[in-house]
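# Observations on the three-dimensional arrangement
Each chain is listed here by its residues.
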Amino acid sequence: MEDSKKTASCPSDVEAQVAELEQAHVMMSLVGFALSAEPEEQLVKSLVGEDLWHELPYGGARRECVWGADRLNRWQLKARINSPADETTCLREEWFRSLAGPTVPLAPPWESVYREAGNRLFTDSTREVRAAFRAHGLEFEKKNREPDDHIGLMLSFLAVLAGRKAEAVEAGDEETARSLQKDQADFIDNHVLTFVDEWAAAMAEKSDSDFYAGMALLACGLVKERRAQLEEVLRGSDAAGVASAADGECCEEAVSCAC
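From a predicted model like this one, the values you see are computed outputs, not experimental measurements.

## Overview of the pattern of salt bridges
Counted by the stated rule, this structure contains 21 salt bridges. Measuring nitrogen to oxygen at the nearest pair gives 2.7 Å for the salt bridge that ties D186 to K182. With D186 and K182 both in helix α8 (residues 174-190), this residue pair falls four residues apart, about one helical turn. Residue class for D186 comes out partly exposed when judged on its relative accessible area of 29%. Where K224 meets D197, a salt bridge forms, and the shortest distance between an N and an O atom there is 2.7 Å. Of this pair, K224 sits in helix α10 (residues 210-247) while D197 sits in helix α9 (residues 196-206); the two residues are 27 residues apart in sequence, bridging distant segments of the chain. K224 sits in the buried class, given a relative accessible area of 19%. Under the relative-accessibility criterion, D197 is labelled partly exposed at 41%. Within the structure, one salt-bridge network assembled from shared partners comprises D70, R71, R74, K78 and D210.

Next up, the structure:
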């Protein structure tokens, strides 16, 4: 007997879905890491040396992504004049000033700052984000020392879920794909979208660094692009399933529409 969780899908549909999810995974992983980790010279060399921002593989049509890519292109042109070591030093200074402290950062990257009275940290929103991580077997290595509800960590979490969904779609595991789809949508709605616009606007306005201003705008656009795609799938999957069963043009069995 076949596993009831798995359904047949058109190879071309599966390939397109997996490719899109992998692109989302790569972009959100990159931006999440850049925002949450202190800059290292090896990463700076890579970002300076490659033309990553002229044609984004994911979210390129969304206006925040366009604005972010423009700021990152400007940063890259200026950064190529400096040595990698000097540019890394500049980015570290700006990362601490804008995102880390030790005093209040220019654009605090934690959800709780924007949702709680008194701009407090380690509040209910932090615990809810931590619970979401744990539900998928993930744990922030600096927990209890730095809040989990950091925008960079949130993007990294969404990247992991997108990657796992790509694996589920490729394996024909529709039940897991739908569960991951819902978890992503809920997390974006209940946490990321509650503050990402305000945070990205603060970063774009206050940061002197085109790199971090660009990353903030890109983060905002990527989250909105992912949420829009999830909404499209959530609305259309049932109708698409009915249509596939009716016309039978693609496969003899029901077509999986998860993406």
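More follows now that the structure is in view.
## Here's the deal with the packing of aromatic side chains
In this structure the tally under the stated criterion is seven aromatic pairs. Here the aromatic rings of F133 and F157 are separated by 4.9 Å at their centres, their planes lie at 50°, and the arrangement is tilted. Linking F133 in helix α6 (residues 124-135) with F157 in helix α7 (residues 151-171), this pair joins segments that are 24 residues apart in sequence. Classification of F157 by relative accessible area gives buried; the value is 4%. In this structure an aromatic cluster arises from ring pairing among W75, F211 and Y212.

## Here's the deal with the side chain of R227
The residue R227 is located in helix α10 in this model. Owing to a relative accessible area of 14%, R227 belongs among the buried residues under this scheme. Not counting residues up to four positions away in its chain, the partners in contact with R227 are A185, I188, D189, L193 and L234.

## Points about the nonpolar core
Counting residues in each nonpolar core, the largest one holds 64 residues, and the members touching the most others are L35, W199, F211 and L218. If you tally residues by element for this core, the top one is α7, at twelve residues. In this structure, L35 is in contact with W95, L99, H150, I151, G152, L155, W199, Y212, M215 and A219, ignoring residues within four places of it in sequence.

## Some thoughts on a negative patch on the surface
A contiguous patch of negative charge on the surface is contributed by E15, E22, E167 and E170. For the negative patch, the elements supplying multiple residues, two or more each, are α1 (11-36) and α7. Residue E15 is classed as exposed on the basis of its relative accessible area, which comes to 57%.

## A look at α6
Side chains that are three or four residues apart share a direction in an α-helix, a result of its 3.6 residues per turn. Over its twelve residues, α6 runs 16 Å from end to end, which matches the ideal 16 Å to within 8%, given 1.5 Å per residue. Those residues of α6 that fall on the buried side of the exposure criterion are S125, T126, V129, R130 and F133. Seen from one end, α6 has its buried residues packed into an arc of 140°, which puts them on one side. Considering only its buried residues, α6 is in contact with α5 (111-115), α7 and α8. Two residues or fewer after α6 comes G137, characterised by a positive phi angle close to 75°.

## Observations concerning helix α3 (residues 63-79)
For α3, spanning 17 residues, the distance from its first C-alpha to its last is 24 Å, which sits close to the expected 24 Å at 1.5 Å a residue. Those residues of α3 lying buried are E64, C65, G68, A69, R71, L72, N73, W75, Q76 and A79.

## Comments concerning the confidence of the model for the chain
With 83% of its residues at a pLDDT of 70 or more, the chain has an overall mean of 84. Within the chain, the element-level pLDDT minimum falls on α10, averaging 78, and the maximum on α7, averaging 96. The low-confidence segment residues 1-8, where pLDDT is below 50, has 17 contacts with residues more than four positions distant or belonging to other chains.

Rules of the game
- Residues numbered from 1 in each chain as written.
- Predicted model: local features only at pLDDT ≥ 70, side-chain atom pairs only at ≥ 80, totals over all residues.
- Heavy atoms only, no water.
- Salt bridge = Lys/Arg side-chain N within 4 Å of Asp/Glu carboxyl O.
- Helix = DSSP H or I, 4+ residues; strand = E, 2+ residues; numbered from the N terminus.
- Buried < 20%, exposed > 50% of the residue type's maximum accessible area, 1.4 Å probe, protein only.
- Phe/Tyr/Trp six-rings, centres within 6.5 Å; stacked < 30°, edge-to-face > 60°.
- Contact = heavy atoms within 4.5 Å.
- Core = buried A, V, L, I, M, F, W, Y, C linked by side-chain atoms within 4.5 Å.
- Patch = residues over 30% accessible without salt bridge, like charges linked within 9 Å, V, L, I, M, F, W, Y side chains within 5 Å.
- Areas by Shrake-Rupley, 256 points an atom, 1.4 Å probe, with all protein chains shown as cover.
- Lys, Arg positive; Asp, Glu negative; His and termini not counted.
- Charge placed at Lys NZ, Arg CZ, Asp CG, Glu CD.
- Expected span 1.5 Å × (residues − 1).
- Arc of directions from axis to C-beta.
- pLDDT = per-residue confidence, 0-100.

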